Amino acid sequence: MPPASTGASTLIVAASTQSSPAPLPAVVADRLEPGRPGYRRMSFALFAAGVATFALLYSTQALLPAVSASFGATAGQASWTVSAATGALALCVLPMSALSERFGRRQMMTASLVVAVTVGLFVPFAPSLGWLIALRAVQGAALAGLPASAMAYLAEEVRPKALVAAIGLFVAGNSIGGMSGRILTGWVAQAWGWRAALGAVGLLAVACAVVFHFMIPRAKHFTPGSLNPKALAKTVGGHLADPLLRRLYAIGALFMTVFGAVYTVIGYRLVEAPFSLPQGVVGSIFLVYLVGTVSSAAAGRLVGRLGRRGALYLAVSTTAAGLLLSLAGQLAAVLLGLVLITAGFFAGHAVASSSVSRTATTGRAQASALYQSAYYLGSSAGGTLGAVAFHAGGWAGTVALGLAAVLGVVSITLYGSRAARIERRRPVAAMASVQN
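> Kindly report on the overall build of the chain, identifying the contributing residues and their values.
Secondary structure assignment for the chain yields 17 helices and 0 strands. Counted over contacts in the chain with a minimum sequence separation of 6, partners at least 24 positions apart contribute 83%. Carbon and sulfur atoms provide 68% of the accessible area of the chain, an area that totals close to 17400 Å².

> Quick one: what's the story with helix 10 (residues 194-215), residue by residue and with numbers?
Helix length check: helix 10, at 22 residues, gives a terminal C-alpha distance of 32 Å against a target of 32 Å (1.5 Å per residue), a fit within 8%. Along helix 10, the residues that are buried comprise W194, A197, L198, V201, G202, A205, C208, A209 and F212. Relative to the axis of helix 10, the buried residues are bounded by an arc of 140° and lie together on one face. Facing away from the buried side of helix 10 by more than 90 degrees, the exposed set consists of L203 and F214.

> Requested: an account of the pattern of salt bridges, with residues and values cited.
Taken as a whole and assessed by the stated rule, the structure comprises 1 salt bridge. For the salt bridge of R105 with E156, the shortest nitrogen-to-oxygen distance reads 2.4 Å. Within this pair, whereas R105 is found in helix 6 (residues 105-122), its partner E156 is found in helix 8 (residues 147-157), the two being separated by 51 residues in sequence. For E156, a relative accessible area of 0% puts it in the buried group.

> Which residues make up unusual backbone geometry, and what values do they have?
Here the bond from A273 into P274 is cis, since omega is 10°, no more than 30 degrees from zero. One can find P274 in the loop between helix 12 (243-271) and helix 13 (279-284). With phi around 50°, S276 is a residue other than glycine that occupies positive phi space. Secondary-structure assignment places S276 in the loop between helix 12 and helix 13. S276 gets classed as partly exposed once you look at its relative accessible area, which sits at 46%.

> Report on the environment of T319, specifying residues and quantitative values.
Residue position: T319 is located in helix 15 (residues 299-325). Residues T319 and G402, 83 residues apart in the sequence, show an inter-C-alpha distance of 9.0 Å. Those residues in contact with T319 that sit more than four places away from it in its chain are F255, V258, L340, I341, G344, F345 and V406. A polar contact of 2.9 Å, which involves the side chain of T319, links it to the backbone oxygen of A315.

> Report on the packing of aromatic side chains, specifying residues and quantitative values.
Enumeration over the complete set of coordinates arrives at 11 aromatic pairs. Their ring planes at 40° and their centres at 6.5 Å tell us that Y268 and F390 sit as a pair that is tilted. With Y268 in helix 12 and F390 in helix 17 (residues 364-435), this pair connects stretches of sequence that are 122 residues apart. When sorted by exposure, Y268 lands in the same class as F390, which is buried. Note on Y371 and Y375: the rings are 5.9 Å apart at their centroids and 20° apart in plane angle, and the pair reads as stacked. On the criterion of helical spacing, the pair formed by Y371 and Y375 is a turn pair, its members being 4 residues apart in helix 17. On the accessibility criterion, Y371 (2% relative accessible area) is buried. Judged by its relative accessible area of 1%, Y375 is buried. Clustering of aromatic rings is evident, with ring pairs tying together F259, Y263, F286, F345, F346, Y371, Y375 and Y376.

> Now, about the confidence of the model for the chain: what can you tell me, with residues and values included?
Mean pLDDT over the chain works out to 83, with 88% of the residues at or above the 70 mark. For the chain, the element scoring lowest by mean pLDDT is helix 1 (residues 26-29), at 52; helix 7 (residues 129-143) scores highest, at 96. Across residues 1-26 the pLDDT falls below 50, and counting only partners more than four positions away or on other chains, this stretch makes 47 contacts in the model.

> If you had to explain the side chain of Q279 to someone new, which residues and values would you point to?
Topologically, Q279 is positioned in helix 13. Here the side chain of Q279 touches A62 through a polar contact of 2.7 Å, landing on its backbone oxygen. The residues touching Q279, leaving out its near neighbours within four places in the chain, are A62, L63, A66, G186, A189 and Q190.

> An account of the packing of helix 3 (residues 64-71) against helix 12 is requested, with residue identities and associated values reported.
Here helix 3 crosses helix 12 at 75°, and the two axes come no closer than 8 Å. Taken together, the axis directions place helix 3 and helix 12 in an arrangement best described as roughly perpendicular. Across the interface between the two elements, L64, P65 and S68 from helix 3 touch T264, G267, Y268 and V271 from helix 12. Of the residues belonging to the contact of helix 3 with helix 12, the class tally is 4 nonpolar, 3 polar and no charged.

> Which residues make up the environment of M108, and what are the values?
Position of M108 among the secondary structure elements: in helix 6. Remark: the alpha-carbon pair of M108 and A144, spanning 36 residues in sequence, is separated by 9.6 Å. Leaving out residues up to four positions away in the same chain, M108 has contacts with M96, L99, S100, G145 and S149.

> A description of the packing of helix 2 (residues 39-57) against helix 10 should follow, citing residues and the corresponding values.
Across the interface, helix 2 lies against helix 10 with an axial gap of 8 Å and an inter-helix angle of 155°. As far as their axial angle goes, helix 10 and helix 2 are roughly antiparallel. Crossing geometry of helix 2 relative to helix 10 is assigned as left-handed. Within the contact between the two elements, helix 2 uses R41, F44, A45, L46, A48, A49, V51, A52, A55 and L56 and helix 10 uses V201, L204, A205, C208, V211, F212, F214 and M215. For the contact of helix 2 with helix 10, the residue count by class is 17 nonpolar, no polar and 1 charged.

Rules behind the numbers
Residues numbered from 1 in each chain as written. Predicted model: local features only at pLDDT ≥ 70, side-chain atom pairs only at ≥ 80, totals over all residues. Heavy atoms only, no water. Helix = DSSP H or I, 4+ residues; strand = E, 2+ residues; numbered from the N terminus. Contact = heavy atoms within 4.5 Å. Areas by Shrake-Rupley, 256 points an atom, 1.4 Å probe, with all protein chains shown as cover. Expected span 1.5 Å × (residues − 1). Buried < 20%, exposed > 50% of the residue type's maximum accessible area, 1.4 Å probe, protein only. Arc of directions from axis to C-beta. Salt bridge = Lys/Arg side-chain N within 4 Å of Asp/Glu carboxyl O. Polar contact = N/O pair within 3.5 Å; in protein donor to acceptor, adjacent residues only side chain to side chain. Phe/Tyr/Trp six-rings, centres within 6.5 Å; stacked < 30°, edge-to-face > 60°. pLDDT = per-residue confidence, 0-100. Axes fitted to C-alpha atoms, helices over the stretch in contact; angles between N-to-C directions. Parallel < 35°, antiparallel > 145°, perpendicular 65-115°, else oblique. Nonpolar A, V, L, I, M, F, W, Y, C, P; charged D, E, K, R; others polar. Left-handed = near helix turned anticlockwise from the far one by under 90°.

The structure is reproduced here in C-alpha cells:
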C-alpha cells in the first residue's frame, strides 16, 4: 500500500522480558488514553459530534408517515428524504477525507458541523417534497466531512490499545443521536407537526456543535499533506486492493442495509393496524437505541474475548434473531426484535469500523472514508429497498431483505476465516519445503 501523509505512524510495542518495562516511544506516550489529560474532553466532544450527525442525518426517518401524508407521497417516495442524505454522504465522504489530509481533521469536522447545522435550520421550511429531498442531500454532503475525519483523528491521537473503546464511544454518540432525534421528532410532530419537529432537531444539533467546538482537543499528531489527485487515487487503489479492507467495507454496507431497511419502514408498520400507534409513541420506540449505545461501547471487550471474527458472528446472530422475532404479531415481540437488531448492528459496526482503522497503516482517512462510503451506501440502499419490499410484501418482505444481507455478512466472515487459516499455513509449508 502506498504511503500517504496522515500523521499516523505504525506502532509496534514489543513485550519485554526484562524486570522493568521498556519505555514507550515518545509518539506513543504522548497519545490520549483513559486517565490522561484531554481524553475525557475528546470523548465528550466526539460523542456530541456523533449525536449531531445521526440526529441530523436521520431526522426525517421517524416522520416518514407524516411526510407521506403531507405531500401525498408513497413510502418509497418519502424514503428518499433519508436515502438522499445518506447517499450524498456516501458519495462525498472520500473527497472530504482528502481535504482533511490537507487542512486537518479538527478543522474539517468543525466546518462539516457548521454547514450541516445551518442547512438543518432551513429544512423545516421546504415547500415541496422535491425541495425537502434536495436540502437533505446538501445536508448529507456537508456531514460527509465528519465521520472519516473523526476515525482518522482517533487513529492518530489515541493509543492503539484504547482505539476500539474510543471509536465505540463515538459510535455510541451516533446511537444516542439517532435515538434522541427520533424521539424528539415523534413527540414534537404529534403536538405541532413534522416541520416543527425538524426545527427542534436543528436546535439540538446547534447545541452539539457548540459543545464540540469548545471541547475538542487540538490535534498533536497530524501532518498536513498535499491535495494530489494522483496520489489520492493510488492510496485508494491500494486500500481497495487489500482483501481484508474489502471484506470490512462489504460487512459495513450489509449491516447498514439491514438497519436502514428496518428503521425506515418500522414507522409505517407501527402506525398501521394491528398496532395503530400515535406518532409520539412511534418516536419513543427508538429508545431501543440505548441498547446500541451499550453494545457499541462494549465492542472492545467483545473483541478481546472472542476475537474480531467471533464478535462479528455474535453480532450477526443477534441481528438475525431480532429480524425473525419481529415477524410476530405481538408488540412486545416486535420491540424485543428491534432491541436485538439494534444491539447486533451497533456491535458489528463498531468492530468493523475499528478494524479498518487498525488494518490501514497509511492513508487512514481514505481507508475510513471508503468504509463510510460503503456504510452509508448500504443505508441508502436499505432505506429505499426496504420501503419497496414493504410495499410489495409487507413487513415480511423487509425482513427477507434483512436476512439476505445478514447471510452476506456470514458468508464474508466465513471466507475471511478460511483465508486467514490458509495464510497461517503458508509459512509452515514453506519452512517444511526448505527443510526437505
